Amino acid sequence: MATSKFPTQKSLAGRTGRMEAGLAGWKRNFSAGNHCGDICFSTGWAKREGDSFLTWARDIEGSEFEFFLLSGPGSGKGTQCPKIVEQFGSAHLCVGDLLQAEIESESENGTMIQNFKKEGKIVPSEITVKLLQLAMQQSDNKRFIIDGFPRNEENRTAFENIIAMQNIVVLYFYLGHFVMKIEPERVLFFDCPEEELTKRILNRNQGRVDDNIETIRKRLEVYFESTVPVINYYNSKGKVQKIDAQRSIDEVFEDVKSIFSELKPVAKDEDMLLVVIGRKESSTVFLTIGLHLGLEVMSYSFNYYANHG
Ligand SMILES: Nc1ncnc2c1ncn2[C@@H]1O[C@H](COP(=O)(O)OP(=O)(O)OP(=O)(O)O)[C@@H](O)[C@H]1O
Ligand SMILES: O=c1ccn([C@@H]2O[C@H](COP(=O)(O)O)[C@@H](O)[C@H]2O)c(=O)[nH]1
């Protein structure tokens, strides 16, 4: 007979205990008067065969992980990506290439994008985020390496918010709904001095309209002014992994490889905690979500209910 990895009543009691402790914090907050109405929490353990919580959560989000590759123009992003794809099977989404495809397909935005590119300026988020979303949806892969994006703060928030909005996860909340922010798993930053970047781009020889000294200067300016703050933002969240890119292509890839190899394989056959916090309907929402996701609810409790009038 197959052994079950479901939590035992005892382990559940421990976990539920920790949940209760967490919820006690909420209770204190609401008791302090910052509320208006009834709050209830429904928690429980559920499982789906062969999936872990991570897979499940990522399923809802639509991907297993996203890596952003953010660094100066010419630092080697496009060179390293095919190697990552070959070795780790992720999908490489290069926003610069997606924009170039728009130009070449003579879409309605093509001319405008071409002008931004010639000027080394950042194309508006509503265009890039849409292209990215579409590419992600059309991909069978659930592991994405997003190359050269987000270029500025506006790109970053647009991407995180839009992706999140289409994937409202479980949760709920009180005066509105809770939207889960989507952030990349990690951000790879290829560190390379400006002179080397310029030299590499000038030697690239791929016929790009923006590989000339005048546009390179503008691109570098935009990079330092707009993209570096995004890298700093992710760095403050502990997500950035810096790689010395002023070495040979193979040496750089050795470092890239070790970062990707660290990714934990998705655990199988685990149980997951499903939490719904809301007003009176939380238990209905809990069960509906469970059903919708094809989860088998292993235990369930209506943890806390407070009438604050
Ligand atoms: N480690 C390296 N050492 C020397 N040259 C390199 C290295 N990595 C890449 N190059 C070369 O530098 C040029 C720029 O590299 P690549 O196109 O990969 O940069 P990129 O970061 O994708 O640039 P962009 O952001 O402008 O698209 C290419 O000609 C590439 O062959
Ligand atoms: O998110 C993005 C990515 C690119 N652009 C524009 O395209 C060019 C070329 O991009 P590379 O990544 O260097 O190939 C860039 O200078 C921008 O004009 C963008 O606007 N937004």
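Residues numbered from 1 in each chain as written. Chains lettered and ligands numbered in written order. Predicted model: local features only at pLDDT ≥ 70, side-chain atom pairs only at ≥ 80, totals over all residues. Heavy atoms only, no water.

### Concerning the nonpolar core
If you look at the biggest cluster of nonpolar residues, it comprises 27 residues, and the most contacted ones within it are Ile 146 and Phe 159. Elements with a contribution of two residues or more to this core: β3 (91-94), α4 (95-104), α6 (125-138), β4 (143-147), α7 (153-165), β5 (186-191) and α9 (213-236). Counting residues per element, this core draws most heavily on α6, at 6 residues. Setting aside its immediate chain neighbours within four residues, Ile 146 contacts Glu 66, Phe 67, Phe 68, Leu 69, Leu 93, Val 95, Leu 132, Met 136 and Phe 159. Counting residues in each nonpolar core, the second largest holds 20 residues, with Phe 190, Ile 243, Phe 253 and Leu 263 among its members. (Core = buried A, V, L, I, M, F, W, Y, C linked by side-chain atoms within 4.5 Å. Buried < 20%, exposed > 50% of the residue type's maximum accessible area, 1.4 Å probe, protein only. Helix = DSSP H or I, 4+ residues; strand = E, 2+ residues; numbered from the N terminus. Contact = heavy atoms within 4.5 Å.)

### Here's the deal with the UniProt feature "binding site: CMP" (unreviewed entry) in the chain
Per the UniProt entry, the sites bearing "binding site: CMP" (unreviewed entry) are Asn 155 in this numbering. Inspection of the secondary structure puts Asn 155 in helix α7. Ignoring anything within four residues of it in the chain, the contact list for Asn 155 reads Ile 122, Val 123, Ser 125, Thr 128, Val 129, Phe 149 and Pro 150. Polar contacts involving the side chain of Asn 155 include one to the main-chain amide nitrogen of Arg 151, which spans 2.9 Å. (UniProt positions renumbered as here; feature names shortened; annotations may be inferred. Polar contact = N/O pair within 3.5 Å; in protein donor to acceptor, adjacent residues only side chain to side chain.)

### A few points about the layout of surface pockets
Looking at the largest pocket, its volume works out to about 1,100 Å³. Forming the walls of the largest pocket are 47 residues, and the residues nearest its centre are Lys 77, Arg 151, Arg 204, Arg 208 and Arg 219. The set of elements that each furnish at least two residues to the lining of the largest pocket consists of α3 (77-88), β3, α4, α5 (110-119), α8 (194-202), α9 and α10 (249-261). (1 Å grid on protein atoms, 1.4 Å probe; cavity = no way out; pocket = protein on both sides within 12 Å on 5 of 7 lines; lining within 4 Å. Points joined across faces, edges and corners; volume = space filled by probe spheres on them.)

### Looking at the site of ligand 2
Taken together, 15 residues lie around ligand 2, and Lys 121, Val 123, Phe 149, Arg 151 and Arg 208 are the ones closest in. At a separation of 3.3 Å, an oxygen atom of ligand 2 approaches a polar backbone atom of Gly 148. With respect to ligand 2, the side chain of Arg 208 contributes an N or O atom lying 3.1 Å from an oxygen atom. Within the complex, 95% of the 450 Å² of free accessible area of ligand 2 lies under protein. Judged by its atoms lying within 2 Å of the grid points, ligand 2 is housed in the largest pocket. Taken together, the elements giving at least two residues each to the shell around ligand 2 come down to α4 and α5. The residue makeup of the shell around ligand 2, split by class, is 6 nonpolar, 3 polar and 6 charged. (Near = heavy atom within 4 Å. Areas by Shrake-Rupley, 256 points an atom, 1.4 Å probe, with all protein chains shown as cover. Sits in = over half its atoms within 2 Å of the grid points. Nonpolar A, V, L, I, M, F, W, Y, C, P; charged D, E, K, R; others polar.)

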